[in-house]
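Commentary on secondary and tertiary structure
The residues making up each chain are set out below.
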Amino acid sequence: MSGWGWRALLLVWATGVFTPLLASQIDVYRFDDAQQKTRYQALIAELRCPKCLNTNLAGSDAPIAQDLRAAVHRLVVQEGFTDQQVRDWLQARYGDFVLYDPPFTARTWLVWVLPIGLLLVGLGLLLLLQRRGRQVVSAPLSDAQKAHIRDYLER
Amino acid sequence: MAGSDSKPPMHRASLFVPLGLFVVIVAVGYVGFSLGDRHVLPSALLKKPFPQFRATTLHDPDMVVERAALLGAPVLVNVWATWCPTCQAEHEELTRITQVSDIRLVGINYKDDRAKALNWLAQFGNPYDLVVYDDDGLLGVELGVYGAPETFLLDADGTVIYKRVGDVNRNIWQTELLPRLRELGVRIQAGEG
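Anyway, here's the lowdown on the structure attached to this text.

What counts and what doesn't
- Residues numbered from 1 in each chain as written.
- Chains lettered and ligands numbered in written order.
- Predicted model: local features only at pLDDT ≥ 70, side-chain atom pairs only at ≥ 80, totals over all residues.
- Helix = DSSP H or I, 4+ residues; strand = E, 2+ residues; numbered from the N terminus.
- Rg over C-alpha atoms; globule rule 2.2 N^0.38 Å.
- Buried ≥ 20, exposed ≤ 12 C-beta atoms within 10 Å, placed from the backbone.
- Contact = placed C-beta atoms within 7 Å.
- Pairing = 2+ DSSP bridges.
- Nonpolar A, V, L, I, M, F, W, Y, C, P; charged D, E, K, R; others polar.
- Axes fitted to C-alpha atoms, helices over the stretch in contact; angles between N-to-C directions.
- Left-handed = near helix turned anticlockwise from the far one by under 90°.
- Expected span 1.5 Å × (residues − 1).
- Bend = angle between axes of the 7 residues up to and from the residue.
- Core = buried A, V, L, I, M, F, W, Y, C linked by C-beta atoms within 7 Å.

Our focus in this paragraph is the overall build of chain B. Helix and strand counts for chain B come out as five helices and seven strands. Scanning chain B from its N terminus toward the C terminus, one meets helices and strands in the order α-β-β-β-α-β-α-β-α-β-β-α. The C-alpha atoms of chain B give a radius of gyration of 25 Å, which is well past the 16 Å a tight globule of 193 residues would have. Taken along the three principal axes of its C-alpha coordinates, chain B extends 95 × 40 × 30 Å. The burial tally for chain B puts 29% of its 193 residues in the buried class. In chain B, of all internal contacts separated by at least 6 residues, the share reaching a separation of at least 24 is 73%.

Set out below in structure tokens:
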């Protein structure tokens, strides 16, 4: 085998040996049944890491995200919380931020109203343009013009 | 072309539509970018009672403290750790605050090593009246802590009236803490503020 062949083999071997070591950050949790596991995974995918601007609990390596994953696991498996109870528990401690779902308040109304408002404005514009388009009536051709075209086509 | 003649004449005022849109976009951007630091979450605990807890103290692993240990007088609760460089940066100002005012300072040693933390206090001085030891960060989660340092101001009944995420510096002392301590009736040395 040539030198390159050996190197390629070494690379394959090293990848196989070291990659699992790098991936060992994954938490190990026990669940009583598959349903608990599904609920846990759905919750950490849904809830937001407080330390990060746009990462969920599942996708963050921040220490606080690890702690909160542990907390969600405890609430689901040991305390028997429902999904909504878990959300409320986190909201009581970290605020609306963790929910990815701003409530309708005096501070956040624009977030909710703006898309609907823009949709209405768009629909209004569409109707307006359509009506304006209908008003443009094409005038019928005069006999002279028709004769001209016929003449042109038959040539 | 004959078709373009039949188009309705454009109203003069509609020439200003792009300008209007531009102004709206600039205004939205101006407000959006001046909304403040998106990394700082408003505390869910504001105006709410400090949560119940049960933990040991940093100095004595056998001594258990609870929420009652924070009541009776206004108190600054400072979450810190030896692994947090900003905590070291604010240490001097916290120490100074305990010297120029009668506010009680309680520390929460957050996800830290007891020996390291004691060593840290021996090295930089201990301005804390009491240090609660939160090695697993469970109290931190109750408090909505997502990064040290964080500092809470409680009134005598244990209600959270202010929270600072980040270091307590001279500016925070002047603009945020001092007026609130005055309001709470905490004695402050003459010449402050």
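Now, onward.
All names here are of chain B. Where strand 6 (residues 150-154) and strand 7 (residues 160-165) come together, five bridges link them in antiparallel fashion. Within strand 7, the residue paired with Leu153 across the bridge is Tyr162. Linking strand 6 back to strand 7 in an antiparallel pair, the connection comprises five residues, with Gly158 at a positive phi of about 85 degrees.

Moving on: the interface of chain A and chain B. Accessible area lost upon the coming together of the parts serves often as the stated size of an interface. Facing 14 residues of chain A, the contacting portion of chain B comprises twelve residues. Broken down by secondary-structure element, the contributors of at least two residues to the side of chain A that touches chain B are helix 3 (63-77) and helix 4 (83-94) of chain A. For the side of chain A that touches chain B, the class distribution of residues is nine nonpolar, two polar and three charged.

Glancing now at the packing of helix 2 (residues 34-46) of chain A against helix 3 of chain A. Two packed helices can be described by the angle between their axes and the distance between those axes. Residues and elements named next belong to chain A. At a closest axis distance of 10 Å, the pairing of helix 2 and helix 3 adopts a crossing angle of 145 degrees. Considering the relative orientation of helix 2 and helix 3, their crossing is right-handed. For the pair helix 2 and helix 3, the contacting residues are Gln36, Arg39, Tyr40, Leu43 and Ile44 in the first and Arg69, Val72, His73, Val76 and Val77 in the second. The residue makeup of the contact of helix 2 with helix 3, split by class, is six nonpolar, two polar and two charged.

Residues and elements named next belong to chain B. The end-to-end C-alpha distance of helix 5 (residues 170-184), which contains 15 residues, comes to 19 Å, matching closely the 21 Å that a straight helix rising 1.5 Å per residue would cover. At Leu177, helix 5 shows its largest kink, close to 45 degrees, and the proline Pro179 lies no more than four residues downstream. After helix 5 finishes, the residue Gly185 shows a positive phi value of roughly 80 degrees.

Turning our attention to helix 6 (residues 143-154) of chain A. With twelve residues, helix 6 of chain A ought to run about 16 Å at 1.5 Å a step, and its terminal C-alpha atoms sit 16 Å apart, in line with that. Burial of helix 6 of chain A is sparse: only zero of the twelve residues sit out of reach of the surface.

It is worth spelling out the sheet that holds strand 6 of chain B at this point. Backbone hydrogen bonds hold the strands of a sheet together, and the pairing may be parallel or antiparallel. All names here are of chain B. Here seven strands make up an open sheet; going across it, the order is 2-1-5-4-3-6-7 and the pairing mixed. Of all strands in the sheet, those bounded by a partner on one side alone are strand 2 (64-66) and strand 7. Going across the sheet, the axis of each strand differs from the next one's by a mean of 30 degrees, ignoring polarity. Packing against the sheet, helix 5 makes contact with strand 6 and strand 7, and its axis sits at approximately 165 degrees to strand 7.

With that settled, consider the nonpolar core. Leu68(A), Val72(A), Val77(B), Tyr110(B) and Leu154(B) are the most contacted members of the largest nonpolar core, which totals 52 residues. If you tally residues by element for this core, the top one is helix 3 of chain A, at six residues. For Val72(A), the residues in contact, after removing those within four places along its chain, are Tyr40(A), Leu43(A), Ile44(A) and Val86(A).

The next point concerns the environment of Val77(B). Residues and elements named next belong to chain B. Mapping Val77 onto the fold places it in strand 3 (residues 75-80). Each C-alpha atom, one on Val77 and one on Leu178, is 15 Å from the other, the two residues being 101 residues apart in sequence. Beyond its immediate chain neighbours, meaning those up to four positions away, Val77 contacts Leu70, Val106, Ile108, Thr151, Phe152 and Leu154.

A few words now on the environment of Leu177(B). Residue and element names in this part refer to chain B. Looking at the element boundaries, Leu177 is found in helix 5. Residue Leu177 is classed as buried on the basis of its 23 C-beta neighbours within 10 Å. When the C-alpha positions of Leu177 and Glu150 are compared, they lie 14 Å apart, and in sequence the two are 27 residues distant. Among residues more than four places away in sequence, those in contact with Leu177 are Leu153 and Ile172.

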